[in-house]
Amino acid sequence: MTITWLTVLPGLLFGLALAAFVFALAPRMVRTGDALARLGEASVTSSSTPVRLTRWDRVGSWLAQHLPAIKFLTPPTQDLDLLEMSVSRYYASKTKAALLGFSGPIILSIFWQLSTGAPSPMLIALSLIFAIVLWFSVDSTVKVRAAKARHEVTRFMGVYLQTVAVALLGNTTPDTALSETATLSDSWVFKRIRREYAAADLTRTSKWDALEGLGRQLGVKPLVELGRTMRMSEAHVALREQILASADQLRDQVAAATRKEAERVTRKATVPVYLTLAVLIVLTLLPSIANLFLH
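Residues numbered from 1 in each chain as written. Predicted model: local features only at pLDDT ≥ 70, side-chain atom pairs only at ≥ 80, totals over all residues. Heavy atoms only, no water.

K.L.:
Please explain helix α5 (residues 87-116) as it appears in this structure.
P.N.:
Two residues of an α-helix separated by three or four positions point the same way, owing to the 3.6 residues in each turn. In this model, α5 (30 residues) spans 44 Å end to end at C-alpha, consistent with the 44 Å of a helix rising 1.5 Å per residue. Looking at the residues trailing α5, positive phi occurs at G117, about 85°. (Helix = DSSP H or I, 4+ residues; strand = E, 2+ residues; numbered from the N terminus. Expected span 1.5 Å × (residues − 1).)

As structure tokens, this is what we get:
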């Protein structure tokens, strides 16, 4: 009985995985209540082109609705918002990675059984391990990308602050200086700021409240500090010196972070360099050592 189960188990697991995959990708009926509920989650976008959901997005949306609210299963919403990645797209990426890790050892187990006639329980166990590892590897990827995006926001904010300070030299209000300066670049950072300004105009809130809210939402401290600084304009306080001081501070932070990253890359490259030198030394000394032992 045990040998029989070990013989059919790889094909059974592969069939169940395939059935679950087809069931998840099957077309679904859109409920009116769900569609109306999603209307409240719409945000201001820079493009009027509707986003077309793929089948993988539908799988991710189903997982987002049915997975339990456990700490290590909840999505990193702050990082996803910074990267402008939807929760459904996030779970779709995790599903792809998990299926890749699960199907690889299963396929190898099937070929192993066809060639040797004996099942391989170790490969079946590895399929579950690989699926779990690749499922959580997406979180690490999102975390690294979000850290790089926050560093890029900090770098762009230094330029933005200096440009706002220049705009305040003339007879320009702080509100106008923020709006006009945000239109000088088409980078994703400035586009995101312009979207927040557009939303602030619709809701009749100030630009500095929008900046501070965006900074808290994305976990970007320079945006929060800029919002707090610009709020002082309500008390008719001169802002140019404070903005220039903040720009200098951000420039120092970016330079320190760049030096730290360069040192990390240098340390990371030390081992490959030493290994390469070791191989070259061995290849150089090998003929002399061979002649010493042969003669």
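K.L.:
What am I meant to see in the side chain of S206 here?
P.N.:
Structurally, S206 is set in the loop between α8 (188-203) and α9 (207-218). Assessed through its relative accessible area of 15%, S206 is described here as buried. In terms of polar contacts, S206 uses its side chain to reach the side chain of W208, at 3.1 Å. Within polar-contact distance, the side chain of S206 engages the side chain of D209 at 2.8 Å. (Buried < 20%, exposed > 50% of the residue type's maximum accessible area, 1.4 Å probe, protein only. Polar contact = N/O pair within 3.5 Å; in protein donor to acceptor, adjacent residues only side chain to side chain.)

K.L.:
I keep staring at the packing of aromatic side chains and nothing clicks. Help me out?
P.N.:
Aromatic rings considered in pairs are described by the distance between their centres and by the relative angle of their planes. Counted by the stated rule, this structure contains 4 aromatic pairs. Ring plane angle 65° and centroid distance 5.1 Å describe the contact between Y90 and Y91, whose orientation is recorded as edge-to-face. The interplanar angle of 85° and the centroid separation of 5.5 Å between the aromatic rings of Y160 and F190 together place this pair among those described as edge-to-face. On the criterion of sequence distance, the pair formed by Y160 in helix α6 (residues 121-167) and F190 in helix α8 is long-range, its members being 30 residues apart. Each member of the pair, Y160 as well as F190, is classed as buried. Three or more aromatic residues joined by ring pairs form one cluster here, namely Y90, Y91 and W135. For K207, the ring lying beneath its charged end belongs to Y197, and the centroid distance is 5.7 Å. (Phe/Tyr/Trp six-rings, centres within 6.5 Å; stacked < 30°, edge-to-face > 60°. Lys NZ or Arg CZ within 6 Å of the ring centre and 35° of its normal.)

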